[in-house]
Amino acid sequence: MDTVLINKIPDTETGAMIAGTALGTFLMFFLCVVGVIFVLEIVGLWKIFTKTNTAGWKALIPFYSEYTQFKLFWDTKFFWIYLGASILYGGLYSAVIFSQGDFSIGIPLLILSAIILMSISLVESWYMVKSFKKSGWFFVGYLLFPVIFLLILGFDKSVYNPDFQKLGSHPKSESI
């Protein structure tokens, strides 16, 4: 009778192996999905850079790709503000997460840097979409599904407008 009860008790090593296998499978699937999204984003940016008569390989280099986007669609001084806010956000996030004591001053700065990052990113995205003469609804789609709309922007027949007024929302009007 004792043998029957012992065989019905689950083996903890087997349960741990099953859980580890499931977790590993999930992580591999997740990494594959993230990798595909990353490659699609690079393809979309490459095509957009090509449409703007910029070398497509610039989409492969992370910081230089962002710098090139700001150069094409807005102004590079905002790239430096964006980069500084990103570094501030990363440092503050790490300090808040790993601080053992009170870090109450870091929370408002963390929120402020996040607001700065989102604001700059939204405006730069707006100028990118509008420089290809796309509608506000396209911009909303870009915000909801950025990789898909990067690919649409890269592969559609829209033409880049280099005369787009970078600090305004309308193309430059010609004087009479």
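Here, the structure is the one placed above.
Presented here is a report on the structure given in the accompanying data block. Since we're looking at a predicted model, the values are computed, not measured.

## Brief notes about the overall build of the protein
1) Next: The helix and strand tally for the protein stands at seven helices and zero strands.
2) Next: Residue burial in the protein is summarised as follows: out of 176 residues, 28% are buried.
3) Next: In the protein, 51% of the contacts between residues at least 6 apart in sequence involve partners at least 24 apart.
4) Next: Carbon and sulfur atoms form 72% of the exposed surface of the protein, whose accessible area is close to 12100 Å².

## Observations regarding the nonpolar core
1) Next: Among the nonpolar cores identified, the biggest contains 23 residues, and Ile48, Phe73, Met128, Phe132, Tyr142, Leu150 and Leu153 are the most heavily contacted of them.
2) Next: The leading source of residues in this core is helix α5 (residues 106-131), at four residues.
3) Next: Excluding anything up to four places from it in sequence, Tyr142 contacts Ser125, Met128, Val129, Phe149 and Leu150.

## Some remarks on unusual backbone geometry
1) Next: Residues other than glycine seldom take positive phi values, yet Asn53 does so here, at roughly 60°.
2) Next: When you line up the elements, Asn53 lands in the loop between α2 (12-51) and α3 (62-73).
3) Next: Non-glycine residue Lys133 carries a positive phi angle of around 60°.
4) Next: Mapping Lys133 onto the fold places it in the loop between α5 and α6 (136-144).
5) Next: For Lys133, a relative accessible area of 62% puts it in the exposed group.

## Brief notes about helix α4 (residues 76-98)
One turn of an α-helix holds 3.6 residues; hence residues three or four places apart share an orientation.
1) Next: Between its first and last C-alpha atoms α4 spans 33 Å; for 23 residues at 1.5 Å apiece the expected length is 33 Å, and the two agree.
2) Next: Along α4, the residues that are buried comprise Phe79, Leu83, Ala85, Leu92 and Val96.
3) Next: In this structure, the buried residues of α4 make contact with α3 and α5.

Analysis parameters
- Residues numbered from 1 in each chain as written.
- Predicted model: local features only at pLDDT ≥ 70, side-chain atom pairs only at ≥ 80, totals over all residues.
- Heavy atoms only, no water.
- Helix = DSSP H or I, 4+ residues; strand = E, 2+ residues; numbered from the N terminus.
- Buried < 20%, exposed > 50% of the residue type's maximum accessible area, 1.4 Å probe, protein only.
- Contact = heavy atoms within 4.5 Å.
- Areas by Shrake-Rupley, 256 points an atom, 1.4 Å probe, with all protein chains shown as cover.
- Core = buried A, V, L, I, M, F, W, Y, C linked by side-chain atoms within 4.5 Å.
- Expected span 1.5 Å × (residues − 1).

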